[in-house]
Amino acid sequence: MFVVLRIGRFALENIDIKTAFLNGDLDEEIYMDMPPGFQVDGKVWKLKKTLYGLKQAPRAWHIKLMDVLEKLGFRCSTADPGLYVGEDMLLMVYVDDLLLCGNGRSNVEKVKQSLLTTFEGRDLGPTDHFLGIKMERDRAAKTVFLSQETYVNNVLERFRMADCYSVSTPLEPGTKWTSEATGTESNFPYQELVGCLMYLAVSTRPDIAYVTNRLARYVSAPTSNHVAVAKRVLKYLHGTKSVGILLGDSSPSFLDGYCDANYGGCEETRRSTTGYVFTLHGSLVSWQTKLQKTVAVSTTEAEYMAAASAAKEALYLRKVLNDIGFGAQCITIHCDNQGAVNLTKNALTVSRTKHVDIAHHFVRNRVSRGELKFQYINTNDQLADFLTKALGPSKLQAALKTLGLLDYQAMSRGEC
């Protein structure tokens, strides 16, 4: 998300810091037992630097890196501690992996050399992979395509589904989720598969986010029905290996959001499901699907709770955009429930919603301050619908195409 505004034309470089946690400095006295082969009776070692396995190591490494980056002219984002902003340059940190995005490769090279002089690491050059995500650039079109085809192939091989047939949707509409007496499934590595699907769902494949969220609710005691659904997701992935997110500048609109709720969608708890997506200049940058914490007593209440979740994400994205130099603007969030939209504007309706948690009413305050604007949208145009329920093939593909979730191979053939 952070580099979508500049990623098309700026240089992207990658650095891997070796043994990152050994670089941290300790600000307290810590002693450890001597390892086997170096033991002396009654003696212990006093640590001068952090070690892997030490609770303080991650924080000490972060403080050390932040100190070095500040000397190079970077400042840490107030919205995300993994983002650093410099002069015409952004730097993203994920533990020991650093991604630099800068105006001109010479500027990026200077920063890289300074970092590699301070820390032992590897210069990975222009970025084509980051955290297992493949990044394919089209400089002429000023776009970057993110995908995880290799990861999908590895998952299919791992669960012996590499030769399975394909299906058109990750979840069939009308699927029953209840844990009825179908017997638990102990032979299939269900928990491992759900973990693999989660990484896909949060990285580049929002199309499987809803079904993965549902599958994760049964990891303690999955039934044969749940395993069947999980295998269906693998069949869907088999036919959509090269699907990914296209980042570019295809829309004049700035930051837009869509929020939706599936009222009482959980058959066992009767809680509703929240789903939202955000696009930046037409490119998908943020999404989420989750079970609401309380039971809503009406569709309007469920949609209002979904609006509150989307509002929190919108304010976070607004803060990030401010940090990287883009002025704050009023963010429009589209909702397909007029009652919920009116509730964000009109305080007179409070008498009928006294039971609604006060945490959700902050939305109205933000709307009155001009930071957010909720706008009604027809259900057929609701792009977050696929994050709250199972959709048919045509409606699912239409929403994904609008959001820029495309098949790279089809793009190469000119079919998208």
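Okay, so let's go over this structure. In this text, all values refer to a predicted model and were calculated from it rather than measured experimentally.

### Topic: the overall build of the chain
Turning to step 1, where the next piece is worked out: When you go through the chain residue by residue, the secondary structure sums to eleven helices and 18 strands.
Turning to step 2, where the next piece is worked out: Taking 2.2 N^0.38 as the reference for a compact globule, 416 residues should give roughly 22 Å; the C-alpha atoms of the chain span a radius of gyration of 24 Å, in line with that estimate.
Turning to step 3, where the next piece is worked out: For the chain, the C-alpha atoms occupy an extent of roughly 65 × 55 × 55 Å along the three principal directions.
Turning to step 4, where the next piece is worked out: A fraction of 72% describes how many contacts in the chain between residues 6 or more apart in sequence connect residues 24 or more apart.
Turning to step 5, where the next piece is worked out: Counting only carbon and sulfur atoms, one obtains 50% of the accessible surface of the chain, whose full area is about 20,100 Å².
Turning to step 6, where the next piece is worked out: On the chain, the mean spot of the 48 positive side-chain charges and the mean spot of the 45 negative ones are 4 Å from each other.

### Let's talk about the state of the cysteines
Turning to step 1, where the next piece is worked out: Throughout the structure, instances matching the rule amount to zero disulfides.
Turning to step 2, where the next piece is worked out: The thiol of C101 is unpaired, and the distance to the nearest cysteine sulfur, on C76, comes to 17 Å.
Turning to step 3, where the next piece is worked out: Accessibility expressed as a relative area gives 1% for C101, which makes it buried.

### Brief notes about the sheet that holds strand β7 (residues 97–102)
Each strand in a sheet pairs with its neighbour through backbone hydrogen bonds, running either in the same direction (parallel) or in the opposite one (antiparallel).
Turning to step 1, where the next piece is worked out: An order of β4-β5-β6-β7-β1-β8 is seen for the six strands of this open sheet, with the pairing classed as antiparallel. Each end of this open sheet is capped by a strand with a single partner; those strands are β4 (75–76) and β8 (121–126).
Turning to step 2, where the next piece is worked out: Pairing analysis gives six bridges linking strand β1 (residues 11–17) to β7, with the strands arranged antiparallel. By the bridge assignment for β7, N14 is matched with L99.
Turning to step 3, where the next piece is worked out: Contacts from helix α1 (residues 57–71) reach β1, β4, β5 (83–86), β6 (89–94) and β7, with the element oriented near 10 degrees to β5.

### Observations regarding a nonpolar patch on the surface
Turning to step 1, where the next piece is worked out: Residues L22, L51 and Y52 make up a contiguous nonpolar surface patch of roughly 260 Å² in combined accessible area.
Turning to step 2, where the next piece is worked out: By the secondary structure assignment, Y52 is in the loop between β3 (44–46) and α1.

### Observations regarding the packing of aromatic side chains
Turning to step 1, where the next piece is worked out: Applying the stated criterion to the full structure yields eight aromatic pairs.
Turning to step 2, where the next piece is worked out: Taken together, a centroid distance of 5.2 Å and an interplanar angle of 75 degrees make the contact between W61 and F119 edge-to-face. In this pair, W61 sits in helix α1 while F119 sits in the loop between α2 (105–118) and β8, placing the two residues 58 residues apart along the sequence.
Turning to step 3, where the next piece is worked out: We classify W61 as buried; its relative accessible area is 3%.
Turning to step 4, where the next piece is worked out: By relative accessible area, F119 is classed as buried at 2%.

### With respect to the packing of helix α3 (residues 149–158) against helix α4 (residues 190–203)
Turning to step 1, where the next piece is worked out: Orientation of α3 relative to α4, taken along the N-to-C sense of each, is 170 degrees, at an axis distance of 11 Å. Considering the angle they form, α3 stands roughly antiparallel to α4. Where α3 approaches α4, its residues Y151, V152, V155 and R158 are matched on the opposing element by E192, L193, C196, Y199 and L200.
Turning to step 2, where the next piece is worked out: Considered class by class, the residues forming the contact of α3 with α4 number seven nonpolar, no polar and two charged.

### Some remarks on the environment of A307
Turning to step 1, where the next piece is worked out: Turning to its location among the elements, A307 is positioned in helix α7 (residues 299–323).
Turning to step 2, where the next piece is worked out: With relative accessibility at 1%, the residue A307 sits in the buried group.
Turning to step 3, where the next piece is worked out: Between the alpha carbons of A307 and I208 there is a distance of 22 Å; along the sequence they are 99 residues apart.

### Describing the side chain of E303
Turning to step 1, where the next piece is worked out: Mapped onto the fold, E303 is located in helix α7.
Turning to step 2, where the next piece is worked out: The buried charged residue E303 lacks any salt bridge partner; its closest oppositely charged side chain belongs to K389, at an N-O distance of 7.1 Å.
Turning to step 3, where the next piece is worked out: In contact with E303, other than residues within four places in its own chain, are C259, D260, A261, C335, D336, N337 and A340.

### Quick word on the sheet that holds strand β15 (residues 283–291)
Turning to step 1, where the next piece is worked out: Within the open sheet, the five strands sit side by side as β15-β14-β13-β16-β17. Their pairing is mixed. Across the chains shown, the open sheet's two edge strands, defined by having one partner strand only, are β15 and β17 (372–376). The average undirected angle you get between the axes of adjacent strands in this sheet is 20 degrees.
Turning to step 2, where the next piece is worked out: In this sheet, β17 lies alongside strand β16 (residues 331–335) in parallel orientation, the contact comprising five bridges. Bridge pairing in β17 links H334 to Q375.

Quick notes on the rules
- Residues numbered from 1 in each chain as written.
- Predicted model: local features only at pLDDT ≥ 70, side-chain atom pairs only at ≥ 80, totals over all residues.
- Heavy atoms only, no water.
- Helix = DSSP H or I, 4+ residues; strand = E, 2+ residues; numbered from the N terminus.
- Rg over C-alpha atoms; globule rule 2.2 N^0.38 Å.
- Contact = heavy atoms within 4.5 Å.
- Areas by Shrake-Rupley, 256 points an atom, 1.4 Å probe, with all protein chains shown as cover.
- Lys, Arg positive; Asp, Glu negative; His and termini not counted.
- Charge placed at Lys NZ, Arg CZ, Asp CG, Glu CD.
- Disulfide = S-S within 2.5 Å.
- Buried < 20%, exposed > 50% of the residue type's maximum accessible area, 1.4 Å probe, protein only.
- Pairing = 2+ DSSP bridges.
- Axes fitted to C-alpha atoms, helices over the stretch in contact; angles between N-to-C directions.
- Patch = residues over 30% accessible without salt bridge, like charges linked within 9 Å, V, L, I, M, F, W, Y side chains within 5 Å.
- Salt bridge = Lys/Arg side-chain N within 4 Å of Asp/Glu carboxyl O.
- Phe/Tyr/Trp six-rings, centres within 6.5 Å; stacked < 30°, edge-to-face > 60°.
- Parallel < 35°, antiparallel > 145°, perpendicular 65-115°, else oblique.
- Nonpolar A, V, L, I, M, F, W, Y, C, P; charged D, E, K, R; others polar.

By themselves, these figures tell us nothing about what the structure is for.
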